[in-house]
Amino acid sequence: MNDLELLKSLIHEGMLHHATYRNHGTLWEGLHFYAVAPDGFRGYSHAGSIHKDDPDLPAAEQLCAGITPISVGAYGRG
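My aim in this report is to walk through the structure given alongside it, one point at a time. Small disclaimer: the values here were computed from a predicted structure and weren't measured. Per chain, residues are indexed from 1 in the order of the written sequence. Where local features are concerned, this predicted model is filtered to residues with pLDDT of at least 70; where side-chain atom pairs are given and counted, the filter is 80 or more; whole-chain, interface and lining totals use all residues. Here the side-chain values reflect all heavy atoms present in the structure, with hydrogen atoms and water set aside.

## Quick notes on the pattern of salt bridges
Opposite charge on two side chains permits pairing when their charged atoms draw close.
Right, on to step 1. A pair is scored as a salt bridge if a Lys or Arg side-chain nitrogen falls within 4 Å of a carboxyl oxygen belonging to Asp or Glu. Under the counting rule described, the total for this entry stands at two salt bridges.
Right, on to step 2. Across the salt bridge formed by Glu5 and Lys8, the nearest N and O atoms sit 3.5 Å from each other. Taken together, the positions of Glu5 and Lys8, both in helix H1 (residues 3-12) and three residues apart, correspond to about one turn of that helix.
Right, on to step 3. The partner of Glu29 in a salt bridge is Lys52, with the nearest N and O atoms 3.0 Å apart. A residue pair is termed long-range when its members are at least 10 positions apart, and Glu29 in the loop between strand E1 (16-22) and strand E2 (30-36) and Lys52 in the loop between strand E3 (44-51) and helix H2 (57-64) qualify at 23 residues.
Right, on to step 4. With a 1.4 Å probe rolled over the protein chains alone, any residue whose accessible area is under 20% of its type maximum counts as buried; one over 50% counts as exposed, and the rest are partly exposed. Residue class for Glu29 comes out buried when judged on its relative accessible area of 15%. Secondary structure follows DSSP: runs of H or I at least 4 residues long count as helices, runs of E at least 2 residues long count as strands, and numbering of each begins at the N terminus.

## A few points about the sheet that holds E1
Right, on to step 1. Spatially, E3-E2-E1-E4 is the arrangement adopted by the four strands of the open sheet, whose pairing is mixed. The open sheet has two edge strands, E3 and strand E4 (70-72), and neither has a second partner. The average undirected angle you get between the axes of adjacent strands in this sheet is 30 degrees.
Right, on to step 2. Note on pairing: two strands pair once DSSP finds at least 2 bridges between them. In terms of strand pairing, E1 meets E4 through three bridges, oriented parallel. In the sheet register, Tyr21 faces E4, and the bridge partner there is Val72. Where helices are involved, their axes are fitted lines through C-alpha atoms of the stretch in contact, as for all axes, and angles between N-to-C directions lie from 0 to 180°.

## Here we look at the packing of H1 against H2
Right, on to step 1. Closest axis-to-axis distance for the H1/H2 pair is 10 Å, and the angle between their directions is 5 degrees. Judged on the interaxial angle alone, H2 and H1 are roughly parallel. Together, Leu4, Leu7, Lys8 and Ile11 of H1 and Ala59, Ala60, Leu63 and Cys64 of H2 make up the contact between the two elements.
Right, on to step 2. Side-chain classes are defined by residue name, with Ala, Val, Leu, Ile, Met, Phe, Trp, Tyr, Cys and Pro counting as nonpolar, Asp, Glu, Lys and Arg as charged, and the others, Gly among them, as polar. Considering only residue class, the contact of H1 with H2 consists of seven nonpolar, no polar and one charged. An angle counts as roughly parallel when it lies under 35 degrees, as roughly antiparallel when it exceeds 145, as roughly perpendicular when it falls between 65 and 115, and as oblique in every other case. In what follows, residue pairs with any heavy atoms lying within 4.5 Å of each other are defined as contacts.

## Observations regarding the nonpolar core
Right, on to step 1. If you look at the biggest cluster of nonpolar residues, it comprises twelve residues: Leu4, Leu7, Leu10, Leu16, Ala19, Leu31, Phe33, Ala35, Ile50, Leu57, Ala60 and Cys64.
Right, on to step 2. Taken together, the elements giving at least two residues each to this core come down to H1, E1, E2 and H2.
Right, on to step 3. What Leu4 contacts, discounting residues up to four positions off in sequence, is Ile50, Asp56, Ala59, Ala60 and Leu63. Here the nonpolar core consists of buried residues drawn from Ala, Val, Leu, Ile, Met, Phe, Trp, Tyr and Cys, with membership extended through side-chain atoms lying within 4.5 Å.

## Concerning unusual backbone geometry
Right, on to step 1. Unlike most non-glycine residues, Arg42 shows phi in positive territory, near 55 degrees.
Right, on to step 2. In this structure, Arg42 sits in the loop between E2 and E3.
Right, on to step 3. Residue classification places Arg42 among the exposed residues on the basis of a relative accessible area of 58%.

The structure is reproduced here in structure tokens:
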């Protein structure tokens, strides 16, 4: 299962906690999404990511639209 399919699955199961867009000069730039995890940090855990150059990025952003705000990660610092 690729990360876009994983994101779809989390949304379908109601397990998407939030999404974050990291864009602050790291190798990990792109959309990161987090699943509900009661034992995880603050009730969630990292589930997957879609790199900024991945052709699936626009579809992933559309999936998140209206479900969860997409923050600029690392506590607002990207």
